[in-house]
Amino acid sequence: MSSASYESSSPTHSTADDFHYRVALVGNPNTGKSTLFNALAGLNVRTGNYPGVTIEKKVGHCHVPTTDGRSLLIDLIDLPGTYSLAPRSPDELVAVEVLTGEVPGEPEVDLIVCVVNATMLRRNLFLVSQILELGKPVVLALNMIDAATSRGLSIDIEQLSLTLGIPVIATSASKRTGILELKREIAASCERAMDGERLQRSQALPASFVTAVDELQAAIATHISDSDDQPSRFLVQRALIDQGGAAESAITKRLGSEFGQRLSRIRQDLKMSVKESGGIDLIDRECEARYDWAARTLNGVTELKSSRGSSWTDRIDAMLTHRWLGLIGFLLIMLAVFQSIYSFASIPMDLIDGATGWASDLISSVMPPGMLRSLIVDGVIAGVGGVLIFLPQIALLFLFLAILEDCGYMARAAFVVDRIMSAFGLSGKSFLPLMSSFACAVPGVMATRVIESPRDRLATIMVAPLMSCSARLPVYLLLIGAFVPATAWLGGWVSLPALVLMAMYCVGIVVAIPVAWILKKTLLRGEASPFVLELPEYKWPSLRVVFARVWQASVAFVVRAGTLIFAASILIWFAGYWPGDHTRQFELQSQLESGIGNADEIETQLQAESAHLIENSALGMTGHAIEPLVKPLGWDWKIGVGAVASFPAREVIIATLGTIYSLGGEEDEEGLIGAMRAAKHPDGSPVYTLPVALSIMVFFALCAQCVSTLLVIRRETNSWFWPILSFTYMTVLAYVGALVTYQTFSRLL
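Source: prediction; values computed, not measured.

Calculation notes
- Residues numbered from 1 in each chain as written.
- Predicted model: local features only at pLDDT ≥ 70, side-chain atom pairs only at ≥ 80, totals over all residues.
- Heavy atoms only, no water.
- Helix = DSSP H or I, 4+ residues; strand = E, 2+ residues; numbered from the N terminus.
- Expected span 1.5 Å × (residues − 1).
- Bend = angle between axes of the 7 residues up to and from the residue.
- Buried < 20%, exposed > 50% of the residue type's maximum accessible area, 1.4 Å probe, protein only.
- Polar contact = N/O pair within 3.5 Å; in protein donor to acceptor, adjacent residues only side chain to side chain.
- Pairing = 2+ DSSP bridges.
- Axes fitted to C-alpha atoms, helices over the stretch in contact; angles between N-to-C directions.
- Contact = heavy atoms within 4.5 Å.

### A short note on helix α23 (residues 543-577)
In an α-helix there are 3.6 residues to a turn, and that puts residues three or four apart on one side. In this model α23 runs 48 Å from its N-terminal to its C-terminal C-alpha over 35 residues, within 8% of the 51 Å that 1.5 Å per residue would give. Bending of α23 peaks at approximately 35° at the position of I565.

Have a look at this one:
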């Protein structure tokens, strides 16, 4: 084992007076790093046990206690999970830039907390060996110590600390154990860094590598005399090893071609040295050296006392990751989720519906008929209330997804579908962003940063919006609840509404496969990159993590209803109210509410007057103008204008229909669903039939009605070409899909 002295870098931006430090959390994916970040900072950042959950660095703040009773303020940075500091994808590059202090305008970190999985310590030490070479103070958080103990794995923490030359703290972030001890060690390490403490650490790389880096640094010193302007030793090392990599490009661009030739010569000499010692190339030799170092480090540190605890995971995986049984299991689990959404949400939905009706009646009882009452009752309550009623089903969907994620099943689902996706040019690594898109396409598109291949990443971005996000769910639930028969089988365990809902989710998946295949055969030609995924141990889901996910999703839905849907409801109400004269309508409402005259006759006159006003409003005239375009889909002008108005967000169509039917005086005790069921064409035929409902659902399953998604595609691709292409092809697909659906089912049913 070779060794090298290490000099810690004292913080230059912090002083002992303000006690303010920057601490970075870094580690492999699936080490519980984000859960530990939440425990330290008291936040609820989303966590998950597969790569891609953390795609951007996140910053939190916490106070850590010192031994003398003081408190230090810490800026805590949660970096994306990475297997090494040789960046290949954008998310790994973020981690390297922050750790090496290469981010312009940002101060360097004072301390690195390296989080490792105690059950996979040898593999995690590969990254630790690179972290130690950065020249920063480091604390090792030995996380998941409870899982290691349950497997019979004993770890001598004191010996590990002595061997590595850094403090080691055992933690279980999910059970919140070891958190206070870690905070205290963070405080102590930050203060030791201020004192300029010197540490001796072992060196993983062979002596020939160290000598070559020394020679390269000496060459750089002849070009740049000021040591503060010279690239860090770690970047010089990466430039030497990663031929053609980002570090080499940055340094040669700065120092010129002459230095590039010098770098090539030193690298060639090192390659010859490696071959003479039996190696193949520099990267292979580096991996071999680091894993040898990890094995030497753990010699006498770990002891496996028994193998209990892992066999049941293997037995479950034998079925859930089986080539065919795994796929069948995946479909059955998804069906159970959709069936549960229908089985358990009816009571809270009825409560919200009742509250909406009560609020509408209350306003009507205290305010006389007029423009303001119409705005509140027909615009705000009918529009926003029509969307909020689906909150229980949104919460249930995210509850089940959070349970599946936290117990470790989602990583298996990615493994199962990898074989299918690779046949169409995508790897299983695309599954994870696509799975995120079922919640919302915006984080799904951002999660594609974990995909190294630019072609695979673009193809995944193009198909991610096809996944049915939570904004589509209220549209499906409204139409299925109103027009799909509640037929059930197997004693009520499987119902037709649940099967139709699952089919709507499958529409986007089925269409995404040929779209990706066409893209990979035309604009984005290339082979699918290999997919390597670490399958975590199964575990009981953490109640804290699950309910935090449900809470975040529910709050986001309510906030969206209270902002975007609220604003859209007011605009739609105005378009449906203006420019008609509503004097006669208000007179009839006053007569009806005062009980003067024949109520049935007044009710008939009021409905006729309301229908006349909405037909001749700006909204009605716009709807009639586009009606020839949507008529082949089986839609009337009200559905057509609802689809157009929902361009900013898909669920706006519900608010639009709620306002239209409320202004038109067509809502009854059953609310929007009753109005839709009672809606008639001028010839007396029903507007809504099962083929019409299916046509609308297919349109919304495939359309690109989301401004936020298009803007994030623009940001991630740095081009307007891809969002325009996405909107165009999805709109054409949606129209054709709705047309085929209506024309087919109207002939079959």
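The discussion continues.
### Some remarks on the side chain of R549
Along the chain, the position of R549 falls in helix α23. When its relative accessible area of 12% is taken as the criterion, R549 is described as buried. A distance of 3.2 Å separates polar atoms of two side chains, one belonging to R549 and the other to E405.

### Comments concerning the sheet that holds strand β5 (residues 111-117)
The six strands are arranged β3-β4-β2-β5-β6-β8 in an open sheet whose pairing can be described as mixed. Edge positions in the sheet fall to β3 (58-65) and β8 (168-170), since each of these pairs with one other strand and no more. When the angles between neighbouring strand axes are averaged without regard to direction, this sheet yields 25°. Inspection of the sheet shows β5 paired to strand β6 (residues 138-143) by six bridges, in the parallel sense. Residue V116 lies in a different strand from β6, and its bridge partner there is L142. Contacts from helix α3 (residues 121-132) reach β2 (20-27), β5 and β6 within the one sheet, and its direction differs from that of β5 by about 165°. Its contacts with the sheet place helix α5 (residues 157-164) against β6 and β8, and it is angled at close to 150° to β8.

### Things to note about the environment of L592
Residue position: L592 is located in helix α24 (residues 583-594). Sequence separation of L592 and I602 is ten residues, and the distance between their C-alpha atoms is 6.5 Å.

### Some remarks on the pairing of β6
Judged by how many residues are buried, β6 sits mostly within the fold: six of six residues are covered. Pairing between β6 and β8: three bridges, direction parallel. Each bridged residue has a counterpart across the sheet, and for L142 the counterpart in β8 is A170.

### A word on helix α11 (residues 282-298)
Helix length check: α11 (17 residues) gives 24 Å between terminal C-alpha atoms against 24 Å at 1.5 Å per residue, within 8%. Turning to α11, its buried residues are L282, R285, E286, A289, R290, W293, A294, T297 and L298. G300 sits one or two residues past α11 and shows a positive phi near 85°.

That's the geometry; what it means functionally is another story.
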